[in-house]
Amino acid sequence: MSFLLPKLTSKKEVDQVIKSTAEKVLVLRFGRDEDPVCLQLDDILSKTSSDLSKMAAIYLVDVDRTPVYTQYFDISYIPSTVFFFNGQHMKVDYGSPDHTKFVGSFKTKQDFIDLIEVIYRGAMRGKLIVQSPIDPKNIPKYDLLYQDI
């Protein structure tokens, strides 16, 4: 299903989308097209993209072609999903130590839709961090890896 969503393959393309997406939540899925978990997430993203078209723009970013962003957002697990609104990085409190990105696939389409609605409403009110509406059971658990500390 990843073929249904637009792909960004360079830093320049990612920069342009971040700058130009206005009054919508920008969803950037960092991953690889052939990864099974990425494909599962892409299926959810593509099935919800038309329903969310008034409040979100969804793009796929290849981690191997955008090493600057992969390093900047500390993407060590794929897929990782990062959110922006009007060029501002939106953070979400998932009850985990990392508020900068969602790691893994959403369990259901409704989880993703609920999250986008919460980010959109929070961003419209000027918030830069919002509380996740997703049931904690549906949030993948992982450990942060700190290297060279």
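Our subject is the structure listed above.
For clarity, every value in this text was computed on a predicted model and none was experimentally measured.

**Details of the overall build of the chain**
Thought 1: The number of helices and strands found in the chain is four helices and seven strands.
Thought 2: The C-alpha radius of gyration computed for the chain amounts to 14 Å, which stays within 12% of the reference 15 Å derived for 149 residues, consistent with globular compactness.
Thought 3: Based on the C-alpha atoms only, the size of the chain along its principal axes is roughly 40 × 30 × 25 Å.
Thought 4: Taken over 149 residues, the chain has a buried fraction of 46%.
Thought 5: The long-range fraction of contacts in the chain, counting pairs at least 24 apart against all pairs at least 6 apart in sequence, stands at 75%.
Thought 6: When the accessible surface of the chain is summed, it comes to about 8000 Å², and 52% of that surface belongs to carbon and sulfur atoms.
Thought 7: A distance of 5 Å separates the average location of the 19 positive side-chain charges in the chain from that of its 20 negative side-chain charges.

**Brief notes about helix 2 (residues 36–49)**
Think of an α-helix as turning once every 3.6 residues; residues three or four places apart then point the same way.
Thought 1: Over its 14 residues, helix 2 runs 20 Å from end to end, which matches the ideal 20 Å to within 8%, given 1.5 Å per residue.
Thought 2: Elements in contact with the buried residues of helix 2: strand 2 (25–31), strand 3 (56–62), strand 4 (80–85) and helix 4 (109–124).
Thought 3: Its side-chain oxygen 3.1 Å from the backbone nitrogen of Val37, Asp35 forms the N-cap of helix 2.

**Observations concerning the environment of Lys12**
Thought 1: Along the chain, the position of Lys12 falls in helix 1 (residues 11–20).
Thought 2: Lys12 gets classed as exposed once you look at its relative accessible area, which sits at 69%.
Thought 3: Separated by 54 residues in sequence, Lys12 and Thr66 have C-alpha atoms that sit 9.3 Å apart.

**Re the pattern of salt bridges**
Thought 1: Summed over the entire model, instances satisfying the criterion amount to seven salt bridges.
Thought 2: The partner of Arg29 in a salt bridge is Asp33, with the nearest N and O atoms 3.6 Å apart.
Thought 3: By relative accessible area, which is 0% here, Arg29 ends up buried.
Thought 4: Residue classification places Asp33 among the partly exposed residues on the basis of a relative accessible area of 31%.
Thought 5: The partner of Arg29 in a salt bridge is Asp42, and the shortest N-O contact between them spans 2.8 Å. Taken together, the residues span a long stretch of sequence, with Arg29 in strand 2 and Asp42 in helix 2 at a distance of 13 residues.
Thought 6: Among the charged side chains, a salt-bridge network with shared partners connects Lys7, Arg29, Asp33 and Asp42.

Each value, and the rule that gives it
- Residues numbered from 1 in each chain as written.
- Predicted model: local features only at pLDDT ≥ 70, side-chain atom pairs only at ≥ 80, totals over all residues.
- Heavy atoms only, no water.
- Helix = DSSP H or I, 4+ residues; strand = E, 2+ residues; numbered from the N terminus.
- Rg over C-alpha atoms; globule rule 2.2 N^0.38 Å.
- Buried < 20%, exposed > 50% of the residue type's maximum accessible area, 1.4 Å probe, protein only.
- Contact = heavy atoms within 4.5 Å.
- Areas by Shrake-Rupley, 256 points an atom, 1.4 Å probe, with all protein chains shown as cover.
- Lys, Arg positive; Asp, Glu negative; His and termini not counted.
- Charge placed at Lys NZ, Arg CZ, Asp CG, Glu CD.
- Expected span 1.5 Å × (residues − 1).
- Polar contact = N/O pair within 3.5 Å; in protein donor to acceptor, adjacent residues only side chain to side chain.
- Salt bridge = Lys/Arg side-chain N within 4 Å of Asp/Glu carboxyl O.

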